Each structure stands twice: as C-alpha cells, then as structure tokens.
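# Results of the structural survey
Each chain, written out:
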Amino acid sequence: SSSDCVVAEQLCLSDSTCNATYRTLENCALAKTHLLSMDHDSRVRCLNAELDLGNSSLLHCKCHRRMKRQEHCLRIFWTVHSSMTDGEMKQYKFTTNEEHWKTDYNKLAALVSGRNCSQLAGDTTNPCLRATHVCNLSKKCFRLRTDYASICTKGAGSEDVCDRRKCHRGLRNFFEKVPGDFTKRILFCPCQDEFCGERRRKTIVPDCSFQYNTKPNCLWLLDSCLEDHICKSRLADFQQNCQPVDMSPDGCSLHNHAACLQAYMGMIGTPMTPNYVSNSSVEVSLWCTCENSGNQKEKCDQVLGMFESNKCL
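Bear in mind the structure is a predicted one, so any value in this text is a computation, not a measurement.

In terms of helices and strands, the chain carries 15 helices and four strands. Expressed as a percentage of the 313 residues in the chain, the buried residues total 45%. For the chain, the accessible surface area stands at approximately 16,800 Å², while carbon and sulfur atoms represent 51% of it.

With that out of the way, let us pick up the environment of His-257. Here His-257 is to be found in helix α14 (residues 257-267). According to the relative accessible area criterion, His-257 is partly exposed, its value standing at 34%. Spatially, the C-alpha atoms of His-257 and Cys-312 are 7.1 Å apart, while their sequence positions differ by 55 residues.

Further remarks concern a positive patch on the surface. Judged by side-chain charge, Lys-68, Lys-140, Arg-143 and Lys-177 come together as a positively charged surface patch. Tracing the chain through its elements places Lys-68 in the loop between β1 (63-64) and α4 (70-80). Assessed through its relative accessible area of 76%, Lys-68 is described here as exposed.

Opposite charge on two side chains allows them to pair when their charged atoms are near. Going through the model one piece at a time under the given rule, you end up with six salt bridges. Between Glu-26 and Arg-75 there is a salt bridge, and its shortest N-O distance comes to 3.8 Å. With Glu-26 in helix α2 (residues 16-33) and Arg-75 in helix α4, the pair connects residues that are 49 residues apart, well separated along the chain. When its relative accessible area of 27% is taken as the criterion, Arg-75 is described as partly exposed. In this structure, the salt-bridge partner of Glu-198 is Lys-202, at a minimum N-O distance of 3.0 Å. Here Lys-202 and Glu-198 lie together in helix α10 (residues 194-203), a separation of four residues that amounts to about one turn. Because the salt bridges share partners, they merge into one network encompassing Arg-23, Glu-26 and Arg-75.

A few words on the packing of aromatic side chains. Scanning the entire structure with this criterion turns up eight aromatic pairs. Measuring from centroid to centroid gives 6.0 Å for Tyr-212 and Trp-220, while their planes differ by 80 degrees, and the two rings are edge-to-face. Residue class for Tyr-212 comes out partly exposed when judged on its relative accessible area of 25%. Since its relative accessible area comes to 45%, Trp-220 is described here as partly exposed.

Criteria and cut-off values
Residues numbered from 1 in each chain as written. Predicted model: local features only at pLDDT ≥ 70, side-chain atom pairs only at ≥ 80, totals over all residues. Heavy atoms only, no water. Helix = DSSP H or I, 4+ residues; strand = E, 2+ residues; numbered from the N terminus. Buried < 20%, exposed > 50% of the residue type's maximum accessible area, 1.4 Å probe, protein only. Areas by Shrake-Rupley, 256 points an atom, 1.4 Å probe, with all protein chains shown as cover. Patch = residues over 30% accessible without salt bridge, like charges linked within 9 Å, V, L, I, M, F, W, Y side chains within 5 Å. Salt bridge = Lys/Arg side-chain N within 4 Å of Asp/Glu carboxyl O. Lys, Arg positive; Asp, Glu negative; His and termini not counted. Charge placed at Lys NZ, Arg CZ, Asp CG, Glu CD. Phe/Tyr/Trp six-rings, centres within 6.5 Å; stacked < 30°, edge-to-face > 60°.

Encoded structure:
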C-alpha cells in the first residue's frame, strides 16, 4: 500500500517535482545526522521542502516492525521528517497476527508439562527453562533462537570479541519474527531463585549484546542510538508508550502495560539494549554510567532513569 514508505518513495521518485523536493530533504537529513549546524536559510529551506510534500503519501507513510527492508523504510521516514524533534514519533505501526500461535504455544506447553522424561524432571520448576523448552518444540522459535545464540556466543570466553552488530541483528530477528507469546514468556518468565534469574538474564546474551569491558557514558549510548534509524525509532516508541506519570494509579500515562512491554522488547538488539541487572532481581537497566558527565549529569540521569526507575515499565 502507499502508506508503506518504500512504496511511497518509489512513487515520489517517478515524479520530477516530488523527486527534487525529496533530494533536498535527503541533504537536510544528512546534515542533521552529522550534527552539522545549519544556518537560518538552510533550516527554512528544509522546512519548506517538508511543506512542499503537501499531501504526498510520503508525508504520511509508515513502517512496520516486522516488515522486510525495515531499515530502508525508516531511513525514508526520517528523511521526510528530518525537522521533527525526537520524541514526537508515531511512525511505527504494530501489525501482529498472532492468534493462531497462542493455541500452538499452549499445546506445546501442555506437552512439556506432561512429559516425565528424565531430561525435564526437576526442570519444570524453573519457568525460564520451561519457556525455553516450549520454544524448542516450535521449529521456528528454535531455529531463530539458535541463530542468535550462536552468533552472540562466538568469541565468548576467548580473546576475540563477538560481533556485537551481528548479535544485535540476530536478537532483533528473534523478537520480530517469533510471535510475542513465545518471546514474552522467555524474556519475562517469573523467577523465585537465582538459577532461574540467571537463565532469564542470559536470554539476552549479556557478554556480547549488553556488556562492554568498561561501562560507557549513557549519553554516548544515546548518541549511538540516535545515529541508527532503527534504534532512534524504537526509542521514540519506548518513550511514548512507557511514559511514567505520578498521578496515575499504575504509574503509566497510557495505562497500557502491554504496549510498554512491546516497546521495551523493541529496544533489545539496538545500541541501547537493556537487560536484567542481576540474577536475583527483576530490575532492568542499560549498561552505562553517568559518572564524569559534568554539566550534562541531569540529562544522563534521565537516560538511565528511563529504564532503572520507570514505574510504568
């Protein structure tokens, strides 16, 4: 449909007027990405170009989280909206068709709990292990989980470091392509003890996807995120859906925990990948610090606080 940015871009490029306007916007987006300071005239030219798109389908196009060529689609979106301030994004449409998977999950879960095989004996008390077993019974879930696990554990324990970008791509793939019924149970399994907690923390292979040798500054993480079309979009979505509000009884502005958890899962596999802090709690955080932030300490604390002390989350 023309609401898809990739299709809308093709339509625009085949029209000479729209094509010229779009090329102007590409330069504007480039300048913004590289944080070049634009003079007044350039800023006006960029705003005018956006207005010139008028009612073009490009102006209202959207990207889907599970679509093909997602990165390309988001690049187009941010080109068209290069003057937009971060935090006013509504470009992600979540389309999910997961009803038929629910019966699958429940059927497979019943199979697991009904098995008295030796390899499962005792393990069924660990909800995180049980969730993994159920995933393993689904071909698709097993394949995609194995994919990211093998990429993210390469280099672990030896001198060579893992390929973090590939690991992140594998994680995103898993959370996008496997129905939420499986992914949520693996990620948010309830734990009573440390063995279970460790299993849950290791779901997002921390040595590769989450931890660096030294903790970077949180503002550095934020900058890396804003330079990446996927991360930038997911962060905007997270800020929108996990907005904490003191006045609200559940601490959430939209009263929609499901949307917040979905947005939280969207952050996994980006430069701002969150994870559980330890094996013995449900606290989550980013792998970064606000020490030595100088006069930007307040901004840095806000970035960290989005995850660490977010009542909505």
